[in-house]
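Structural characterization, general
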Amino acid sequence: MSDQAKHAIPSRLDDPERWLFWTLDEAAALLGPALLGLAANAFLTGLLTGLAGWALLRRAKRGGGADVAICALYWFLPGFALGFRGAPPSHLRRFIG
């Protein structure tokens, strides 16, 4: 038996955890509104909202994932919302000195 066969490393070691076909955050975005709609006796509305949320999340994850979302929140939310202490406020465009 060769040395490589003894010490094989799985190629999918860093894949995210899945629940059925979706990652956990995608399943929450899809099923959360659907279950709330079911509880409120508006399942179709909840399902459509869940599908829209799932599609938006997939699009956001394809373009860079959580890093892009945090950057967007930094630029569009007020300075106190995220509580970044080391970063300057996003409304400052020019610095002196």
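First, a word on what this report is: a plain description of the structure on this page. No experiment lies behind these values; they were computed from the predicted model shown.

1. Some words on the overall build of the chain
Scanning the chain from N- to C-terminus turns up 5 helices and 2 strands. When its helices and strands are written in sequence order, the chain yields α-β-β-α-α-α-α. In terms of overall dimensions, the chain is more spread out than a globule: its C-alpha atoms have a radius of gyration of 21 Å, far above the 13 Å expected for 97 residues. Counting only C-alpha atoms, the chain reaches 65 × 55 × 20 Å along its principal axes. The proportion of buried residues among the 97 residues of the chain is 12%. If you take every contact in the chain between residues at least 6 apart in sequence, the share linking residues at least 24 apart comes to 29%. Accessible area of the chain: about 8,400 Å², with a carbon and sulfur share of 65%. Averaging the positions of the 10 positive and the 7 negative side-chain charges in the chain gives two centres separated by 11 Å.

Definitions and cut-offs
- Residues numbered from 1 in each chain as written.
- Predicted model: local features only at pLDDT ≥ 70, side-chain atom pairs only at ≥ 80, totals over all residues.
- Heavy atoms only, no water.
- Helix = DSSP H or I, 4+ residues; strand = E, 2+ residues; numbered from the N terminus.
- Rg over C-alpha atoms; globule rule 2.2 N^0.38 Å.
- Buried < 20%, exposed > 50% of the residue type's maximum accessible area, 1.4 Å probe, protein only.
- Contact = heavy atoms within 4.5 Å.
- Areas by Shrake-Rupley, 256 points an atom, 1.4 Å probe, with all protein chains shown as cover.
- Lys, Arg positive; Asp, Glu negative; His and termini not counted.
- Charge placed at Lys NZ, Arg CZ, Asp CG, Glu CD.

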